[in-house]
Amino acid sequence: MIDTEFTKKIAVWLESDHTKVEQIAQGADLLLSLNRDHAMYQRIMRRPSRELKFLEYKLRRYLQLREDGLTIREVVKLDNELTPQLKVVVESEDDTTGAEQTLPTATEDNPPAVLRKGLRPDHDKLPADIQAIWPANAERWKKIKEAFETCKGLTEPCDRYEYLKILKDTWYKYKKEMARYDDYVLTDNGKSDVSGEKPTELTPEQDKELKNADSYISKNLPLLAQAIDDAKVDEQDEQLRSKVESILERVQQRVDILLKYGRTLTEERRDQMVGLGIRVELQEQVEDEQGEKSE
């Protein structure tokens, strides 16, 4: 729980004149209450004027995270969540095998990212907004790497937080956009109908429904695969089986939306879905085929 009154004291000290020794001592007391670092406190008090800039820097770092509603423990938790992922992805730049890698730690809000080594073969056929993801993510990656490299030289959570915040916002956006780029499926392989007619344009509501379905599938296919693997380990666990059925049903609903609007699935994605027990044909079509056979 953040003590808002104490946070205000830090802000007031930073905003007011604090160049006198007794005022610097007040700031040092505030810092000691935050980090319990008596050696740092003694260093500041031995040379208050010379250490004033350092004291201001430390208190600003603490003020930033406290105003964001975070404790040091929560910053450490964020650090432990982000740093292992980013270590893998940064080191992958030196991997020249060309292989794809999947990052660990997937949750419903934090889907895994597959690190690809180049543009899609059909990149030039993609819509402009999907093509634009690639250069935008290149800029995000530059920002991610710079912040990550800076973080490597910092040890204290209050110092790392400014860059962890950048990494959190930019990295998750990068992953979400990369998933949107990788999973985008061209209608009719990007070509118009043989008759020369353009594909039917979607209404804004239909387009939103498609995008939401795409996003949901991208996030939840890895979770479904993991749930199925878990259920195989303990086939008697009813809770695991129920989880598989629940995720499968929700994903199937979104796949049906793609199929309803004529979205073509890549062979790779189709095989992946079939392997997970997802139907890749509209239910009506299946029923029609069965009806024809019965006749």
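Data block above holds the structure.
Attention here is on the structure that accompanies the text. (Residues numbered from 1 in each chain as written. Predicted model: local features only at pLDDT ≥ 70, side-chain atom pairs only at ≥ 80, totals over all residues. Heavy atoms only, no water.)

### Overview of the overall build of the chain
Phase 1: Across its full length, the chain holds 12 helices and two strands.
Phase 2: Out of the 295 residues belonging to the chain, those deemed buried represent 37%.
Phase 3: Of the contacts formed within the chain by residues at least 6 apart in sequence, a portion of 67% connects residues at least 24 apart.
Phase 4: When the accessible surface of the chain is totalled, it reaches about 18,200 Å², and 48% of it is carbon and sulfur. (Helix = DSSP H or I, 4+ residues; strand = E, 2+ residues; numbered from the N terminus. Buried < 20%, exposed > 50% of the residue type's maximum accessible area, 1.4 Å probe, protein only. Contact = heavy atoms within 4.5 Å. Areas by Shrake-Rupley, 256 points an atom, 1.4 Å probe, with all protein chains shown as cover.)

### Observations regarding the packing of helix 9 (residues 204-233) against helix 10 (residues 238-260)
Phase 1: With their axes 8 Å apart at the nearest point, helix 9 and helix 10 run at an angle of 150 degrees to one another. As summarised for this structure, helix 9 and helix 10 are arranged roughly antiparallel, according to the angle between their axes. The two elements helix 9 and helix 10 cross, and the hand of that crossing is left-handed.
Phase 2: Counted by class, the contact of helix 9 with helix 10 contains 18 nonpolar, one polar and seven charged residues. (Axes fitted to C-alpha atoms, helices over the stretch in contact; angles between N-to-C directions. Parallel < 35°, antiparallel > 145°, perpendicular 65-115°, else oblique. Left-handed = near helix turned anticlockwise from the far one by under 90°. Nonpolar A, V, L, I, M, F, W, Y, C, P; charged D, E, K, R; others polar.)

### Points about unusual backbone geometry
Phase 1: Unusually for a residue other than glycine, Arg36 sits at a positive phi of about 55 degrees.
Phase 2: Within the secondary structure, Arg36 is located in the loop between helix 2 (21-35) and helix 3 (38-46).

### Focus on the packing of aromatic side chains
Phase 1: Going through the model one piece at a time under the given rule, you end up with three aromatic pairs.
Phase 2: With centroids separated by 5.4 Å and ring planes inclined at 45 degrees, the aromatic side chains of Trp134 and Tyr181 adopt a geometry described as tilted. Placement of Trp134 in helix 7 (residues 133-152) and of Tyr181 in helix 8 (residues 157-183) is noted, with a sequence separation of 47 residues between them.
Phase 3: Geometrically, the ring pair formed by Trp171 and Tyr174 is stacked, given 5.6 Å between the ring centres and 20 degrees between the ring planes. Here Tyr174 and Trp171 lie together in helix 8, a separation of three residues that amounts to about one turn. Neither Trp171 nor Tyr174 differs from the other in exposure class; each is buried.
Phase 4: Taken together, the ring pairs connect Trp141, Trp171 and Tyr174 into an aromatic cluster.
Phase 5: The residue whose ring lies beneath Arg43 is Phe54, and the NZ or CZ to ring-centre distance is 4.3 Å.
Phase 6: In this structure, Arg254 is placed above the aromatic ring of Tyr216, and the distance from its NZ or CZ to the ring centre is 3.9 Å. (Phe/Tyr/Trp six-rings, centres within 6.5 Å; stacked < 30°, edge-to-face > 60°. Lys NZ or Arg CZ within 6 Å of the ring centre and 35° of its normal.)

### Quick word on the packing of helix 4 (residues 52-67) against helix 8
Geometrically, a packed helix pair is captured by the angle between its two axes and the distance between the axes.
Phase 1: At a minimum axis separation of 8 Å, helix 4 and helix 8 run at an interaxial angle of 50 degrees. Between helix 4 and helix 8, the angle is such that the two are oblique. Helix-helix and strand crossings are classified by hand; for helix 4 and helix 8 the assignment is left-handed. Taken together, the residues of helix 8 that come into contact with helix 4 (itself represented by Tyr57, Lys58, Arg61, Tyr62, Gln64 and Leu65) are Cys158, Asp159, Tyr161, Glu162 and Lys165.
Phase 2: Considered class by class, the residues forming the contact of helix 4 with helix 8 number five nonpolar, one polar and five charged.

### Let's talk about the pattern of salt bridges
Phase 1: Tallied over the full model, the rule gives 15 salt bridges.
Phase 2: Across the pair Glu156 and Lys58 runs a salt bridge whose closest N-O atoms are separated by 3.1 Å. Here the residue Glu156 occupies a position in the loop between helix 7 and helix 8, and Lys58 occupies one in helix 4, the gap between them amounting to 98 residues.
Phase 3: Residue Lys58 pairs with Asp159 through a salt bridge whose shortest N-O separation is 3.0 Å. With a gap of 101 residues between them, Lys58 in helix 4 and Asp159 in helix 8 connect regions that are remote in the sequence.
Phase 4: Residues participating in the shared-partner salt-bridge network are Arg43, Arg47 and Glu51. (Salt bridge = Lys/Arg side-chain N within 4 Å of Asp/Glu carboxyl O.)

### Quick look at helix 10
Phase 1: For helix 10, with 23 residues, the first-to-last C-alpha span of 33 Å sits near the 33 Å given by 1.5 Å per residue.
Phase 2: When we look at burial in helix 10, the residues that qualify are Val244, Ile247, Val251, Gln252, Val255, Ile257, Leu258 and Leu259.
Phase 3: The elements touched by buried residues of helix 10 are helix 9 and helix 11 (267-275).
Phase 4: Following helix 10 by one or two positions, Gly262 adopts a phi angle in the positive range, close to 75 degrees. (Expected span 1.5 Å × (residues − 1).)

### Notes on helix 4
Because an α-helix packs 3.6 residues into every turn, residues spaced three or four apart end up facing the same way.
Phase 1: For helix 4, which comprises 16 residues, the first-to-last C-alpha distance of 22 Å matches the rise-based estimate of 22 Å (1.5 Å per residue) to within 8%.
Phase 2: All of the buried residues along helix 4 are Leu52, Leu55, Glu56, Lys58, Leu59, Arg61, Tyr62, Leu63, Leu65 and Arg66.
Phase 3: At its buried positions, helix 4 is contacted by helix 1 (4-15), helix 2, helix 3, helix 5 (72-91) and helix 8.
Phase 4: Remark: Gly69 follows helix 4 within two positions and exhibits a positive phi of approximately 80 degrees.

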